[in-house]
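What follows is each chain in one-letter form.
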Amino acid sequence: MAKRKRRRKKESKIGILAISFMVLCLFAVIAYKGEELKIKNEAYIAKEAALMAQIQEEGKRTEELKERSKYVKTKKYIEEVAREKLGLIYEDEIIFKAK
């Protein structure tokens, strides 16, 4: 009977050590994966900031294009294009060319 008690104590110690080892391994895996997630999160935050900056730039560009669209519809723009690209002038205008 004494042998059984010793054997059970020895088996229970081995069982406790095995469970403790498994728990430590589980904690190690969780810690490692947690660090990976932190790194990914930081990368996503940086990417989000870059995308927000890009959205702001595109918003500014949209406003510039709206202003340009308004300008293109004005008489001043039409005259400017007619003078520069088509070489047109008003009937009563005199053009002096430098030699």
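Residues numbered from 1 in each chain as written. Predicted model: local features only at pLDDT ≥ 70, side-chain atom pairs only at ≥ 80, totals over all residues. Heavy atoms only, no water.

## Points about the overall build of the protein chain
Part 1 of the argument: Along the protein chain, the regular secondary structure elements total 2 helices and 0 strands.
Part 2 of the argument: Its C-alpha atoms give the protein chain a radius of gyration of 40 Å, more than 25% over the compact-globule value 13 Å for 99 residues.
Part 3 of the argument: If one aligns the C-alpha atoms of the protein chain with their principal axes, the spans along those axes are about 130 × 30 × 15 Å.
Part 4 of the argument: Looking at the protein chain as shown, the accessible area adds up to about 10300 Å², and 63% of this sits on carbon and sulfur atoms.
Part 5 of the argument: Averaged over its 25 positive side-chain charges, the protein chain has a centre that lies 26 Å from the centre of its 16 negative ones. (Helix = DSSP H or I, 4+ residues; strand = E, 2+ residues; numbered from the N terminus. Rg over C-alpha atoms; globule rule 2.2 N^0.38 Å. Areas by Shrake-Rupley, 256 points an atom, 1.4 Å probe, with all protein chains shown as cover. Lys, Arg positive; Asp, Glu negative; His and termini not counted. Charge placed at Lys NZ, Arg CZ, Asp CG, Glu CD.)

## Notes on the packing of aromatic side chains
Part 1 of the argument: Counted according to the given criterion, the structure contains 1 aromatic pair.
Part 2 of the argument: Here the aromatic rings of Tyr71 and Tyr77 are separated by 5.4 Å at their centres, their planes lie at 70°, and the arrangement is edge-to-face. (Phe/Tyr/Trp six-rings, centres within 6.5 Å; stacked < 30°, edge-to-face > 60°.)

## Focus on the pattern of salt bridges
Part 1 of the argument: Here the structure, examined in full by the defined rule, presents 6 salt bridges.
Part 2 of the argument: Residue Glu58 is joined to Arg61 by a salt bridge in which the shortest nitrogen-to-oxygen separation is 3.9 Å. Of this pair, Glu58 and Arg61 both sit in helix 1 (residues 2-72), 3 residues apart, roughly one helical turn.
Part 3 of the argument: Classification of Glu58 by relative accessible area gives partly exposed; the value is 39%.
Part 4 of the argument: Among the residues examined, Arg61 registers a relative accessible area of 48% and is labelled partly exposed. (Salt bridge = Lys/Arg side-chain N within 4 Å of Asp/Glu carboxyl O. Buried < 20%, exposed > 50% of the residue type's maximum accessible area, 1.4 Å probe, protein only.)

## Brief notes about the environment of Phe96
Part 1 of the argument: Topologically, Phe96 is positioned in the segment after helix 2 (75-84).
Part 2 of the argument: For Phe96, a relative accessible area of 74% corresponds to the exposed category.
Part 3 of the argument: Each C-alpha atom, one on Phe96 and one on Phe21, is 96 Å from the other, the two residues being 75 residues apart in sequence.

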